[in-house]
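# A structural walkthrough
Okay, here's what each chain looks like letter by letter:
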Amino acid sequence: MKKLILIFMIGIFGAGYAQKAPTVLKKGFSKEALQQKLEDEDGKNITIQQILDQHKGKVLVIDFWAGWCRDCLQALPKAEQLERNNPNVDFVFLSLERSKEGFDKSLARFNMKDKDNYWFATGWKNDFNNYVDLNWIPRYMIIDQKSSIAKYYAISPEDPEIQQTIDSLLK
């Protein structure tokens, strides 16, 4: 009976904490989302638009993550494998760390220093994350060569649609 009650309680209260797929799969970004500021490892501000401009003409995978996120850390080896398997694709890592110190520590601890890293100094709730319906991490998006969204929503680097999307864009 105790097991049944526990399962029931998890079902009721745990349901609110699961990653939920957005109902609308967007293909582009709003003006406000593109103006969202992040910080690089040196503490310099950069906008989403500037990041996209740096990668224009390339397929780009955006990986939302944080060092405190157990699901992100479990996905990290597969995300690294995805990156190794796609040398002609750019990867950008957007961190949801709670502080600059946490961002710096996570980059060092998880050997991310040689990657293209930024963090949301404004916190989780901001114009970009709100626009892309970010409600859980990890999350992956694929941006095409013209800075449009080719794959809006994936929660695992092992999602076969990620590689299928990349392959179709590189043809």
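See the structure shown above.
Residues numbered from 1 in each chain as written. Predicted model: local features only at pLDDT ≥ 70, side-chain atom pairs only at ≥ 80, totals over all residues. Heavy atoms only, no water.

Our focus in this paragraph is the overall build of the chain. Looking only at helices and strands, one finds seven helices and seven strands in the chain. Its helices and strands taken in sequence order, the chain reads α-α-β-β-α-β-α-β-α-β-α-β-β-α from the N to the C terminus. A total of 171 residues make up the chain; the buried ones form 46% of that total. Pairs at least 24 apart in sequence give 68% of the contacts found in the chain among residues at least 6 apart. Put simply, the chain shows about 9,700 Å² of open surface, and 54% of that area lies on carbon and sulfur atoms. (Helix = DSSP H or I, 4+ residues; strand = E, 2+ residues; numbered from the N terminus. Buried < 20%, exposed > 50% of the residue type's maximum accessible area, 1.4 Å probe, protein only. Contact = heavy atoms within 4.5 Å. Areas by Shrake-Rupley, 256 points an atom, 1.4 Å probe, with all protein chains shown as cover.)

For the rest of this paragraph, the subject is the pairing of strand β4 (residues 89–95). Of all the seven residues making up β4, seven are buried; the element is thus mostly covered by neighbouring parts of the structure. By the alternation rule, side chains of β4 split into Val 89, Phe 91, Phe 93 and Ser 95 and Asp 90, Val 92 and Leu 94, which are all buried. In this sheet, β4 lies alongside strand β3 (residues 59–65) in parallel orientation, the contact comprising seven bridges. When the bridges of β4 are listed, Ile 62 appears paired with Val 92. Crossover β3 to β4 through helix α4 (residues 70–85) is right-handed. Two strands pair when backbone bridges link them, and β4 and strand β5 (residues 116–119) are joined in this way by four bridges, in the parallel orientation. Residue pairing for β5: Leu 94 is matched across the bridge by Tyr 118. Handedness of the β-α-β unit built from β4, helix α5 (residues 100–109) and β5 comes out right-handed. (Pairing = 2+ DSSP bridges. Right-handed = clockwise from strand over helix to strand, strands pointing away.)

Time to look at the side chain of Asp 40. Following the sequence through the fold, Asp 40 ends up in the loop between β1 (37–39) and β2 (45–47). Despite being buried, Asp 40 has no salt bridge partner; Lys 44 is the closest side chain of opposite charge, sitting 5.6 Å away. Reaching out from Asp 40, the side chain makes a polar contact with the backbone nitrogen of Lys 44 at a distance of 2.9 Å. Setting aside residues no more than four positions away along its own chain, Asp 40 makes contact with Lys 100, Phe 103, Asn 117 and Tyr 118. (Lys, Arg positive; Asp, Glu negative; His and termini not counted. Salt bridge = Lys/Arg side-chain N within 4 Å of Asp/Glu carboxyl O. Polar contact = N/O pair within 3.5 Å; in protein donor to acceptor, adjacent residues only side chain to side chain.)

Within the structure shown, the criterion is met by five aromatic pairs. Relative to Phe 110, the ring of Trp 65 lies with its centre 6.3 Å away and its plane at 85°, an arrangement referred to as edge-to-face. Pair noted here: Trp 65 is in strand β3 and Phe 110 is in the loop between α5 and β5, with a separation of 45 residues, a long-range link. A relative accessible area of 3% places Trp 65 in the buried class. Taking relative accessible area as the criterion, Phe 110 reaches 15% and is therefore assigned buried. Seen from the ring of Trp 68, Arg 98 lies directly overhead, with NZ or CZ sitting 4.2 Å from the centre. Residue placement shows Arg 139 over the ring face of Tyr 152; its charged tip is 4.9 Å from the ring centre. (Phe/Tyr/Trp six-rings, centres within 6.5 Å; stacked < 30°, edge-to-face > 60°. Lys NZ or Arg CZ within 6 Å of the ring centre and 35° of its normal.)

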